[in-house]
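Secondary and tertiary structure notes
Listed here are the chains, written in short residue letters.
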2 protein chains.
Amino acid sequence: MEPNQHLHIHVEQDSGAHSHTSADALPWADAARETIRRAGHSKGAARDALIEIMSQRDCAMSVPDMEQALGERPVGRASVYRALELLHGLHLITRVDIGDGVARYERAQLDDDDHHHHMVCDRCGVLIAFDDPELEAAIHKLSDRLGFEATEHEVTLRGACPDCRN
Amino acid sequence: MEPNQHLHIHVEQDSGAHSHTSADALPWADAARETIRRAGHSKGAARDALIEIMSQRDCAMSVPDMEQALGERPVGRASVYRALELLHGLHLITRVDIGDGVARYERAQLDDDDHHHHMVCDRCGVLIAFDDPELEAAIHKLSDRLGFEATEHEVTLRGACPDCRN
DNA sequence: AACGAGAATGAGACTCAATCTCATTTGTGT
DNA sequence: ACACAAATGAGATTGAGTCTCATTCTCGTT
Ligand SMILES: [Zn+2]
Ligand SMILES: [Zn+2]
Ligand SMILES: [Zn+2]
Ligand SMILES: [Zn+2]
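Nothing here was measured: the structure is a model prediction, and the numbers come from that model. (Residues numbered from 1 in each chain as written. Chains lettered and ligands numbered in written order. Predicted model: local features only at pLDDT ≥ 70, side-chain atom pairs only at ≥ 80, totals over all residues. Heavy atoms only, no water.)

What follows is about the overall build of chain A. Scanning chain A from N- to C-terminus turns up five helices and eight strands. Beginning at the N terminus, the succession of helices and strands in chain A can be written as β-β-α-α-β-α-α-β-β-β-β-α-β. Counting across all 166 residues of chain A, residues that qualify as buried make up 48%. Across chain A, every contact between residues at least 6 apart in sequence was considered, and the portion connecting residues at least 24 apart equals 60%. In the structure as shown, chain A presents an accessible area of about 8300 Å², 50% of it carried by carbon and sulfur atoms. (Helix = DSSP H or I, 4+ residues; strand = E, 2+ residues; numbered from the N terminus. Buried < 20%, exposed > 50% of the residue type's maximum accessible area, 1.4 Å probe, protein only. Contact = heavy atoms within 4.5 Å. Areas by Shrake-Rupley, 256 points an atom, 1.4 Å probe, with all protein chains shown as cover.)

An α-helix turns once every 3.6 residues. As a result, residues three or four positions apart point the same way. Residues and elements named next belong to chain B. Across its 14 residues, helix H5 (residues 133-146) extends 20 Å between first and last C-alpha, which sits within 8% of the 20 Å expected from 1.5 Å per residue. Taken together, the buried positions of H5 are Leu-135, Glu-136, Ala-138, Ile-139, Leu-142, Ser-143, Arg-145 and Leu-146. Looking one or two residues past H5, Gly-147 carries a phi angle of roughly 70°, positive in sign. (Expected span 1.5 Å × (residues − 1).)

This brings us to the coordination of the zinc ion (ligand 3). Residues and elements named next belong to chain B. Looking at the zinc ion (ligand 3), one finds its protein donor set to be Cys-59 (SG), Glu-106 (OE), His-116 (NE2) and His-118 (NE2), positioned 2.0 to 2.2 Å from the metal centre. Classification of the site at the zinc ion (ligand 3) rests on its four donor atoms, whose angles at the metal span 102 to 121°, yielding the label tetrahedral. Residue classification places His-116 among the buried positions, given a relative accessible area of 6%. (Donors = N, O, S within 2.8 Å, 3.2 Å for Na, K, Ca; no water. Tetrahedral: all angles 85-135°; square planar, octahedral: opposite > 155°, others 65-115°.)

Our focus in this paragraph is the protein's contact with DNA strand C. Around DNA strand C sit 22 residues, and of these Arg-47, Ser-79 and Arg-82 of chain A together with Tyr-81 and Ala-103 of chain B come closest. Counted by atom, the contact set of DNA strand C within 4 Å of the protein is 72% sugar and phosphate. Backbone polar atom of Ala-45 of chain A to a phosphate oxygen of DNA strand C: 3.3 Å apart, as the coordinates give it. Elements that contribute at least two residues to the surface near DNA strand C include exactly helix H2 (45-55) and helix H4 (77-89) of chain A together with helix H4 (77-89) of chain B. Among the elements that line the surface near DNA strand C, the one with the most residues is H4 of chain A, at four residues. (Near = heavy atom within 4 Å. Polar contact = N/O pair within 3.5 Å; in protein donor to acceptor, adjacent residues only side chain to side chain.)

Our focus in this paragraph is the protein's contact with DNA strand D. Around DNA strand D, the surrounding shell holds 21 residues, and the nearest of these are Ala-103 of chain A together with Gly-44, Arg-47, Ser-79 and Arg-82 of chain B. Taking all atoms of DNA strand D within 4 Å of the protein, the share assigned to sugar and phosphate is 70%. Tyr-81 of chain A has a polar side-chain atom sitting 3.0 Å from a phosphate oxygen of DNA strand D. Within the backbone of Gly-76 of chain B, one N or O atom sits 3.1 Å away from a phosphate oxygen of DNA strand D. Here the element with the most residues in the surface near DNA strand D is H4 of chain B; it accounts for four residues. Residues of the surface near DNA strand D, tallied by class, amount to ten nonpolar, six polar and five charged. (Nonpolar A, V, L, I, M, F, W, Y, C, P; charged D, E, K, R; others polar.)

It is worth spelling out the confidence of the model for chain A at this point. All names here are of chain A. When pLDDT is averaged along chain A, the result is 85; 83% of the residues meet or exceed 70. Predicted confidence for residues 1-5 stays below pLDDT 50, and this span has twelve contacts to residues more than four positions away or in other chains. Confidence over residues 12-20 falls short of pLDDT 50; this stretch has 20 contacts with residues more than four positions distant or in other chains. (pLDDT = per-residue confidence, 0-100.)

Turning our eyes to something else, we now look at the interface of chain B and chain A. Listed by partner, the interface residues are 44 residues for chain B and 45 residues for chain A. For the pairing of chain B and chain A, the buried interface totals around 3500 Å² over both sides, and the portion due to carbon and sulfur atoms is 57%. Of all residues in chain B, the largest losses of buried area upon contact with chain A belong to Arg-145, Phe-148 and Arg-158 of chain B, amounting jointly to 22% of the total for that side. Joining chain B to chain A, the criterion identifies twelve salt bridges. Taking the shortest distance from any N to any O, the salt bridge between Arg-158 of chain B and Glu-154 of chain A comes out at 2.7 Å. Here chain B and chain A share 20 residue pairs in polar contact (both at pLDDT 80 or more) between them. Mapped onto the side of chain B that touches chain A, the elements with two or more residues apiece are strand E1 (6-11), strand E6 (117-121), strand E7 (127-130), H5 and strand E8 (149-160) of chain B. Of the residues forming the side of chain B that touches chain A, the biggest block, twelve residues, is contributed by E8 of chain B. Of the residues assigned to the side of chain B that touches chain A, the class counts are 20 nonpolar, ten polar and 14 charged. Bridge analysis of strand E8 (residues 149-160) of chain A against E8 of chain B gives eleven bridges, and the strand direction is antiparallel. Paired with Val-155 of chain A across the strands is Val-155 of chain B, a residue of E8 of chain B. (Buried area = accessible area lost by both parts, 1.4 Å probe. Salt bridge = Lys/Arg side-chain N within 4 Å of Asp/Glu carboxyl O. Pairing = 2+ DSSP bridges.)

Attention now goes to the sheet that holds strand E3 (residues 61-62) of chain B. What holds strands together in a sheet is hydrogen bonding between their backbones, with the strands either parallel or antiparallel. Residue and element names in this part refer to chain B. Taken together, three strands build an open sheet; the order of strands is E3-E5-E4 and the sheet is antiparallel. Single-partner strands in this sheet number two, and they are E3 and strand E4 (93-96). Summarising the sheet, E4 and strand E5 (residues 104-107) pair through four bridges and their orientation is antiparallel. In the sheet register, Ile-93 faces E5, and the bridge partner there is Arg-107. Sheet contacts for helix H2 (residues 45-55): E3, E4 and E5; angle to E5, the most-contacted strand, approximately 80°. The sheet contacts of H4 involve E4 and E5, and relative to E4 the element is tilted by about 110°. (Axes fitted to C-alpha atoms, helices over the stretch in contact; angles between N-to-C directions.)

Glancing now at the relation of the copies chain B and chain A. Mapping chain B onto chain A calls for a rotation angle of 179° and an axial translation of 0.0 Å; the resulting RMSD is 0.1 Å. As the rotation angle and translation indicate, the two copies are arranged about a two-fold axis. The rotation axis passes nearest to the C-alpha of Val-155 of chain B in chain B, at a distance of 2.3 Å. (Least-squares fit on C-alpha atoms with pLDDT ≥ 70 in both.)

Laid out in structure tokens, this is it:
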């Protein structure tokens, strides 16, 4: 039931869905460090290591995941959470909450290309990413109508994935 | 910063938003008990008390909230969580995750009239409910296209509410 | 290059939602 | 009333996330 597998599905405007992989990993790390510097922060080994780790994953990573990924390099819990708070405050990462009580984070996209949301399978726990221009349009229109200045939005679908349907 | 206030905003198809209150509280409690009975479960005082409590709230309630609302009637933690698991499994309640590490639940609507999603203000923590037919349409179309049988979906907007905008 | 104020870090204590265990109570059909 | 199964609850336990504070590191200044 652990959501440890990751597929990435891109939904075409009209037809079905197909896999894709984004590739702005390295630019993101640089942009993140630059934004942090410009925000007036000093360098820090822990935060830098975390940025390195996060730049290598396109989707939903929990803090336990990060601590494991850091492996050799010892980074204290507090530093991880502090770095995440900073990155999130600067909109460099997005928080993803799939409802298992564990917060996950993923790189925020530099150029809207990589913006996506998630489906979670109730049975096998697989986490599937998708993106849909129509959905985004509906959300933006809605946000305007509400007079709520939404800096972030999250959409999660829950149900049975194609594999578990049988 | 505690999300303890609740507004409920209904978004019209075209114009702005106005308050509304739903009123299928009592029918819901009856329907819930009936569904549980038909699913082959025995009666239980704890679960019954919880259904009573939940039938009186239209929106997002945390377990600590429930325990407080139960007040006099002593219901064990384990029973509360077990009841929630059962109710959720039978789609009688919906899980709402606003990202503060505390799961919330609310009655599932008998008749789609009360279906809604949430906005959370980053600053004051207020939780605002809204519903939007266009958004729902986009989600249903999307779900079909993905071949993902979504039994549940969650949309959360984060940002500054009208009051905090200033 | 040495200095010092302020920022970043990390070990570990702590909080608290959520889970697990198991003995006890309650519901239901006979 | 009886017996078996389901439901309940006290309490222990897990684990994510927070907090504190002493130490280390950055970086501008001398
Ligand atoms: Zn993702
Ligand atoms: Zn989106
Ligand atoms: Zn609600
Ligand atoms: Zn909806």
